[in-house]
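The lines below spell out each chain.
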Amino acid sequence: MIKVTEIKRIALAYSGGLDTSVAIKWLAEKYGAKVITVTVDLGQDEDFKAIGDKALKVGAENHYTVDAKREFATGYIFPSIKANGIYQFKYPISTSLGRPLIAEKLVEIAHKEGCDSVAHGCTGKGNDQIRIEVSCMARDPSLKILAPTRNWGMSRDQEIEYAKKHGIPISKAAKKYSIDECLWGRSIESGPLENPWNAPQDDGWLWTTSPESAPDKPTIIEVEFKQGVPVALDGVAMEPVDLIRKVNRIAGENGVGRVDHMEDRIVGIKSRETYECPAATVLLEAHRDLEKLILNRHEHEFKKLVDDKWAFLVYAGLWDDPLREELEAFINKSNERVDGKVRVKLYKGSAMVCGRSSPNSVYDFKTATYDSSSTFDQTLSNGFIPLWGLQTVVSRKVISNRRA
Ligand code: ARG
């Protein structure tokens, strides 16, 4: 048990929402401690000035807003593109990727401010608590970790009561959904989505037009990759954050990026989650396709296993496990020659690759073509097929003899 007297200065990851606002007061009261709030800008659409003002008004001793957008794009999203980062075939791990970076900034500020503890507002039911805590512990195991929301035992109504009593501003509408946002996507969960049979309602989507009302004409974009990461859009070199934002906008306008997913959380809960990830949908699809042009079958099949493990580690809060970097050694090596261009057609909710080219392509026209210029010697198959099928044919024979 943590002795209450040991907690004097707390760095709190602060979103500006009800939970973390109540946490400022609650932590200060419970421990008689000073609370320093930290808001990390990962590209969510928020008024960061207002968030900082609110923290100070509610009683934070000091507030930090950290602009980590570029770091997030290059150090987290780009590695995930190279790893084709997807959890359970559908979720581009957008929320997952941001948490270790939030933890890193939280620990940095805890050190700068001489804090003995860090705190976050995650509930006890999700993955985010795991990601933030493991990453904080991995960076500085001497910091105490406080999870007030998980432990204070207040219901939502009691929280609102507490907020009123302490003059904490409450946003007008009780929120219908639990939402998390960053450059790589929006996560929308709870409320009516808790019944997996209910179709997602229109009011949950913000970044994407419904496919039905998307333009009747397709939009075709061209993404250029260098060493596995996107560097230009439609022939124009772009900074990572700008490129991702632009693809989010264009794809979103075409209704691309909606995900409706049954998900297995690390705490064991089966949950229904929805996401809108327009840029992730397009850029992951484009990258995967380009890899198929450049890597050979052996590399490709092995990389699937590595990619899957990488995404699982990130989803499961183990960003700081050395295995992630070890897997990246392979991922980066294999992506050294993933240079080229991919054309993607965006149309009423779909993102379809319709062209790819690379100086490092292993596609050989002369081998593949059906026309007379082909250099492929078809008679080689006469010997190849009996050898390729040898064991299958023998096994079949044994099995049918047993039955007979
Ligand atoms: N299920 C997703 C994940 O574990 C999304 C979590 C969304 N978080 C939130 N605070 N609403 O990464």
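Our subject is the structure listed above.
Residues numbered from 1 in each chain as written. Predicted model: local features only at pLDDT ≥ 70, side-chain atom pairs only at ≥ 80, totals over all residues. Heavy atoms only, no water.

Participant: Before we go on, may I ask you to explain the overall build of the chain in this structure?
Facilitator: In terms of regular secondary structure, the chain is built from 14 helices and 14 strands. Counting every position in the chain, which comprises 404 residues, the buried fraction comes to 49%. By sequence separation, contacts in the chain at least 24 residues apart represent 74% of the contacts at least 6 residues apart. Across the chain, the centroid of the 56 positively charged side chains sits 3 Å from that of the 57 negatively charged ones. (Helix = DSSP H or I, 4+ residues; strand = E, 2+ residues; numbered from the N terminus. Buried < 20%, exposed > 50% of the residue type's maximum accessible area, 1.4 Å probe, protein only. Contact = heavy atoms within 4.5 Å. Lys, Arg positive; Asp, Glu negative; His and termini not counted. Charge placed at Lys NZ, Arg CZ, Asp CG, Glu CD.)

Participant: Please clarify how the packing of aromatic side chains should be interpreted in this entry.
Facilitator: Pairs of aromatic rings are described using the distance from one ring centre to the other and the angle between the two planes. Taken as a whole and judged by the stated rule, the model has 9 aromatic pairs. Centre to centre, the rings of Tyr76 and Trp319 are 4.5 Å apart; their planes meet at 20°, and the pair counts as stacked. In this pair, Tyr76 sits in helix H3 (residues 69–82) while Trp319 sits in the loop between helix H10 (297–315) and helix H11 (322–335), placing the two residues 243 residues apart along the sequence. By the burial criterion, Tyr76 is buried, and Trp319 matches it. Residues Tyr87 and Tyr315 carry aromatic rings whose centres are separated by 3.5 Å and whose planes lie at 10° to one another, so their mutual orientation is stacked. In this pair, Tyr87 is assigned in the loop between H3 and helix H4 (94–112) and Tyr315 in helix H10, connecting sequence segments 228 residues apart. Taken as a pair, Tyr87 and Tyr315 share a single burial class, namely buried. Connected via pairs of aromatic rings, a cluster forms that spans Phe72, Tyr76, Trp310 and Trp319. (Phe/Tyr/Trp six-rings, centres within 6.5 Å; stacked < 30°, edge-to-face > 60°.)

Participant: How should I be thinking about the sheet that holds strand S11 (residues 258–264) in this particular structure?
Facilitator: Whenever strands of a sheet pair, they do so through backbone hydrogen bonds, lying parallel or antiparallel. As summarised here, the arrangement of the 4 strands in space is S6-S7-S12-S11, forming an open sheet in which the pairing is antiparallel. In this open sheet, the two strands that pair with only one neighbour each are strand S6 (178–182) and S11. Adjacent strand axes in the sheet meet at a mean angle of 25°, parallel and antiparallel pairs treated alike. Here strand S7 (residues 185–189) runs beside strand S12 (residues 270–276); their pairing, made up of 4 bridges, is antiparallel. Paired with Arg186 across the two strands is Glu276, which belongs to S12. (Pairing = 2+ DSSP bridges. Axes fitted to C-alpha atoms, helices over the stretch in contact; angles between N-to-C directions.)

Participant: What's the story with unusual backbone geometry in this structure? I'm lost.
Facilitator: Apart from glycine, the bulk of residues carry a negative phi angle, and the bulk of peptide bonds sit in the trans form. In this structure, Ser190 is a non-glycine residue whose phi angle is positive, near 70°. The residue Ser190 is located in the loop between S7 and strand S8 (219–226) in this model. In the Ramachandran plot, Lys348 falls in the positive-phi region, its phi being about 45° despite a non-glycine side chain. Within the secondary structure, Lys348 sits in the loop between strand S13 (340–347) and strand S14 (350–357).

Participant: What should I look at first to understand the pairing of S14 in this one?
Facilitator: Here S13 runs beside S14; their pairing, made up of 7 bridges, is antiparallel. Its bridge partner being in S14, Tyr347 is matched across the sheet by Ser350. Linking two consecutive strands that pair antiparallel, namely S13 and S14, is a turn of 2 residues; a positive phi of about 45° is found at Lys348 within it.

Participant: Would you explain the layout of surface pockets in this entry?
Facilitator: Volume-wise, the second largest pocket comes out at about 610 Å³. Considering the residues around the second largest pocket, the lining is formed by 27 residues, among which Asn84, Ile86, Phe89, Lys90 and Arg288 are closest to the centre. The dominant element in the lining of the second largest pocket, judged by the number of residues it contributes, is helix H9 (residues 278–294), at 7 residues. For the lining of the second largest pocket, the residue count by class is 9 nonpolar, 8 polar and 10 charged. (1 Å grid on protein atoms, 1.4 Å probe; cavity = no way out; pocket = protein on both sides within 12 Å on 5 of 7 lines; lining within 4 Å. Points joined across faces, edges and corners; volume = space filled by probe spheres on them. Nonpolar A, V, L, I, M, F, W, Y, C, P; charged D, E, K, R; others polar.)

Participant: Quick question: what am I supposed to make of a nonpolar patch on the surface here?
Facilitator: There is a patch of nonpolar side chains on the surface, built from Phe384, Ile385 and Trp388 and spanning about 400 Å² of accessible area. Looking at the element boundaries, Trp388 is found in helix H13 (residues 381–388). Looking at Trp388, the relative accessible area reads 64%, which means it is exposed. (Patch = residues over 30% accessible without salt bridge, like charges linked within 9 Å, V, L, I, M, F, W, Y side chains within 5 Å. Areas by Shrake-Rupley, 256 points an atom, 1.4 Å probe, with all protein chains shown as cover. Salt bridge = Lys/Arg side-chain N within 4 Å of Asp/Glu carboxyl O.)

Participant: Just checking my understanding: could you explain the site of the ligand for this structure?
Facilitator: Not every one of the 15 residues close to the ligand is listed here, only the nearest: Tyr91, Asn127, Arg131, Glu263 and Glu273. One of the side-chain nitrogen or oxygen atoms of Asp128 is found 3.0 Å away from a nitrogen atom of the ligand. Arg131 is positioned such that a nitrogen or oxygen atom in its side chain is 2.9 Å from an oxygen atom of the ligand. Against a free-state accessible area of 340 Å², the protein chains account for coverage of 89% of the ligand. Where the shell around the ligand is concerned, the elements lending two or more residues are H4, helix H5 (128–139), S6, S7 and S12. A class-by-class count of the residues in the shell around the ligand yields 3 nonpolar, 5 polar and 7 charged. (Near = heavy atom within 4 Å. Polar contact = N/O pair within 3.5 Å; in protein donor to acceptor, adjacent residues only side chain to side chain.)

Participant: How do you make sense of empty space enclosed by the protein when you look at a structure like this?
Facilitator: To find the voids left in a structure, one rolls a probe of water-molecule size over its atoms. Counted by the stated rule, this structure contains 1 cavity of 30 Å³ or more. Put simply, the largest cavity is a space of about 40 Å³. Every residue lining the largest cavity is listed: Tyr177, Ile188, Leu193, Pro200, Gln201, Gly204, Trp205 and Thr274. Along the lines of polarity and charge, the residues of the lining of the largest cavity split into 5 nonpolar, 3 polar and no charged.

Participant: Where do I start with the packing of H3 against helix H8 (residues 240–253) in this structure?
Facilitator: Geometrically, a packed helix pair is captured by the angle between its two axes and the distance between the axes. Close contact between H3 and H8 brings their axes to 8 Å; oriented N to C, the two are set at 75°. By the criterion of interaxial angle, the relationship of H3 to H8 is roughly perpendicular. Taking contact as the criterion, the partners of Lys69, Arg70, Ala73, Thr74, Ile77 and Phe78 in H3 are, on H8, Pro240, Val241, Ile244 and Arg245. A class-by-class count of the residues in the contact of H3 with H8 yields 6 nonpolar, 1 polar and 3 charged. (Parallel < 35°, antiparallel > 145°, perpendicular 65-115°, else oblique.)

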